[in-house]
Amino acid sequence: MKCQNCNNTNFYILANDYIKCKKCAKKYSLKKIEKDKQVAISFSQNKNALETSKELQLNYKTVKDRFDIYRKEIAIYLENQYNNSVKDNTEYEEFYYIKEREKKKKKKSLSQAINIMGFYSNEKIYTILMPKIGKRAFDIEDGFIEYLNWHKIHSKNSYQSKLNEFWKFLEENLKKYKGVEEENFFFYLKECEFRFNYSQKEQLEIIENLYKI
């Protein structure tokens with residue numbers, strides 16, 4: 001592990017399962033470090049906070065807060081990765097995410113759809129949130145899907161690309177949260193992007209590095 005205070009990797013071993021950084025003297029509990037690792041492993045295994053808190057016998061809010069920190073760190077990491085990469089955005093597509101409860105309504109409102117632009121670049125998916133697309137409502141029999149497909153922006157080969165696969169992955173993964181508040185949607189979107197782009201092993205390594213576990 002790295003010291004969260006100074007990034008040093010050398011420690012003294014103390015009594016009562018504690019270690020102390022040789023550089024800045026910050027102390028750490030080995031039990032807490034092990035708990036942190038287990039929480040990170042659970043996150044990389046795509047388990048939710050409630051499931052993790054029960055399995056590890058930890059307070060739900062403690063785990064939820066930690067997962068939220070991971071999501072924010074991941075969002076920054078993905079932004080940096082994309083900004084520092086050579087762009088090859090030959091495949092792109094606009095996508096309208098509609099919550100499950102909205103899908104069940106006969107009358108669907110565009111104001112409830114979350115507008116996302118996806119790019120497939122350097123064998124990775126990258127997403128950004130777009131402005132709302134309007135307030136007009138459609139009956140499902142009255143061309144709702146046709147309207148979306150006709151007006152959305154997309155490259156001619158986007159339907160055969162990883163983007164189409166990612167949209168299905170996104171919808172399936174968001175189901176387990178049983179509703180995501182719109183102000184937090186960006187971070188859950190980036191979490192799905194992260195899970196889609198990296199293997200479970202890579203996810204854990206990135207999280208441990210970001211959180212200095």
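Residues numbered from 1 in each chain as written. Predicted model: local features only at pLDDT ≥ 70, side-chain atom pairs only at ≥ 80, totals over all residues. Heavy atoms only, no water.

As named in an unreviewed UniProt entry, the chain is Transposase, taken from Arcobacter acticola.

K.L.:
Can you tell me about the side chain of Glu191, naming the residues and giving the values?
P.N.:
Inspection of the secondary structure puts Glu191 in helix 7 (residues 185–197). A polar contact of 2.6 Å, which involves the side chain of Glu191, links it to the side chain of Arg71. (Helix = DSSP H or I, 4+ residues; strand = E, 2+ residues; numbered from the N terminus. Polar contact = N/O pair within 3.5 Å; in protein donor to acceptor, adjacent residues only side chain to side chain.)

K.L.:
I'd love a proper account of the sheet that holds strand 4 (residues 91–97), names of residues and values included.
P.N.:
Sheet strands pair via backbone hydrogen bonds, and the direction of the pair is either parallel or antiparallel. Taken in spatial order, the 3 strands of this open sheet run 4-6-7, and their pairing is antiparallel. If you trace the sheet from one side to the other, it starts and ends with strand 4 and strand 7 (124–129), each paired once. For this sheet, the mean inter-axis angle between neighbouring strands, taken without regard to orientation, is 25 degrees. In the sheet, strand 4 pairs with strand 6 (residues 114–121) via 7 bridges, with the strands oriented antiparallel. Bridge pairing links Tyr96 to Asn115 in strand 6. (Pairing = 2+ DSSP bridges. Axes fitted to C-alpha atoms, helices over the stretch in contact; angles between N-to-C directions.)

K.L.:
If you had to explain the side chain of Gln203 to someone new, which residues and values would you point to?
P.N.:
On the secondary structure map, Gln203 appears in helix 8 (residues 200–211). Classification of Gln203 by relative accessible area gives buried; the value is 5%. For Gln203, the side chain forms a polar contact with the side chain of Arg195, separated by 3.1 Å. What Gln203 contacts, discounting residues up to four positions off in sequence, is Ser44, Phe194, Arg195 and Tyr198. (Buried < 20%, exposed > 50% of the residue type's maximum accessible area, 1.4 Å probe, protein only. Contact = heavy atoms within 4.5 Å.)

K.L.:
Quick rundown of the environment of Asp17? Include the residues and the values.
P.N.:
Examined against the element boundaries, Asp17 turns out to sit in the loop between strand 1 (11–13) and strand 2 (18–21). Overall, the relative accessible area of 40% leaves Asp17 in the partly exposed class.

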